[in-house]
Amino acid sequence: MNSNANIPSWLKLPSSASEKERMASRALNKWNIPDDVVVVLLGGQAERQSRVDMLLAIYGLLHSLYPHNPELADAWPQSPNKHFDSRTPVKVMADGGLPGMQSVLNGLCRIGFG
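First, a word on what this report is: a plain description of the structure on this page. (Residues numbered from 1 in each chain as written. Predicted model: local features only at pLDDT ≥ 70, side-chain atom pairs only at ≥ 80, totals over all residues. Heavy atoms only, no water.)

### Notes on the pattern of salt bridges
Going through the model one piece at a time under the given rule, you end up with 6 salt bridges. A salt bridge links Glu19 to Arg22, with the nearest nitrogen and oxygen atoms 2.8 Å apart. You can see Glu19 and its partner Arg22 sitting in helix α1 (residues 17–30), 3 residues apart, about one turn around the helix. Exposure remark for Glu19: the relative accessible area of 23% places this residue in the partly exposed category. Close ionic contact of Glu21 with Arg48 constitutes a salt bridge, the shortest N to O distance being 2.9 Å. Pair noted here: Glu21 is in helix α1 and Arg48 is in helix α3 (residues 45–65), with a separation of 27 residues, a long-range link. Among the ionic contacts, a cluster of salt bridges with common partners joins Glu19, Arg22 and Arg26. (Salt bridge = Lys/Arg side-chain N within 4 Å of Asp/Glu carboxyl O. Helix = DSSP H or I, 4+ residues; strand = E, 2+ residues; numbered from the N terminus. Buried < 20%, exposed > 50% of the residue type's maximum accessible area, 1.4 Å probe, protein only.)

Here it is as structure tokens:
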């Protein structure tokens, strides 16, 4: 029996760091993040994999919350949000590093799950 059979596709992350980075790069591209902000979001080598994992979690959660509207899911990170004092989630993540990314993920959980 395949133990991954009931896992949503957005949770099926590859085990290789390079494939995760490619997936994160595609997500950031869909979010229309400028290159200089991508550099900030990905951070240095010490935190890079944690940041990539967090970005993929955010991307996956967005697409699970808005499964019938991928355009909205991909526009959300660049949209001002009342949960972040009218800042964009990208700004929160860029300014806050890993804690900022966790804040965005927590905010998405509150939006989606109350």
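### Observations concerning the nonpolar core
The tendency in soluble globular proteins is for nonpolar side chains to be buried side by side. With 27 residues, the main nonpolar core has Leu28, Trp31, Ile33, Ile58 and Met93 as its most contacted residues. Sorting the residues of this core by element identifies α1, α2 (35–42), α3 and α5 (89–113) as the ones contributing at least two each. A total of 8 residues in this core trace back to one element, the largest contributor, which is α3. Once you skip the residues sitting within four places of it in the chain, Ile58 turns out to touch Trp31, Met93, Met101, Val104, Leu105 and Leu108. (Core = buried A, V, L, I, M, F, W, Y, C linked by side-chain atoms within 4.5 Å. Contact = heavy atoms within 4.5 Å.)

### Examining the side chain of Arg48
Residue classification places Arg48 among the buried residues on the basis of a relative accessible area of 19%. Those residues within four positions of Arg48 in sequence are excluded, and the remaining contacts are Glu21, Leu42 and Gly43.

### Focus on α2
Taken residue by residue, α2 has Val37, Val38, Leu41 and Leu42 as its buried positions. One side of α2 carries all its buried residues, which in axial view fall inside an arc of 130 degrees. Turned more than 90 degrees from where α2 packs its buried face, Asp36 and Val39 sit exposed. Residues of α2 that are buried make contact with α1, α3 and α5. (Arc of directions from axis to C-beta.)

### Considerations on α5
If you check α5, its first and last C-alpha atoms are just 18 Å apart, much less than what 25 residues at 1.5 Å a residue would give, namely 36 Å. At Gly97, α5 shows its largest bend, some 145 degrees, and a proline, Pro99, comes one to four positions later. Packing partners of the buried residues in α5 comprise α2 and α3. (Expected span 1.5 Å × (residues − 1). Bend = angle between axes of the 7 residues up to and from the residue.)

### Quick word on the packing of α3 against α5
One can describe the packing of α3 onto α5 by two numbers: an axis separation of 10 Å at closest approach and a directional angle of 25 degrees. On the basis of their axis angle, the class for α3 and α5 is roughly parallel. As α3 runs across α5, the sense of the crossing is left-handed. From α3, Glu47, Ser50, Arg51, Met54, Leu55, Ala57, Ile58, Leu61, Leu62 and Leu65 reach across to α5, where they touch Met93, Gly97, Leu98, Met101, Gln102, Val104, Leu105, Leu108, Cys109, Gly112 and Phe113. Here the contact of α3 with α5 is built from residues that sort into 15 nonpolar, 4 polar and 2 charged. (Axes fitted to C-alpha atoms, helices over the stretch in contact; angles between N-to-C directions. Parallel < 35°, antiparallel > 145°, perpendicular 65-115°, else oblique. Left-handed = near helix turned anticlockwise from the far one by under 90°. Nonpolar A, V, L, I, M, F, W, Y, C, P; charged D, E, K, R; others polar.)

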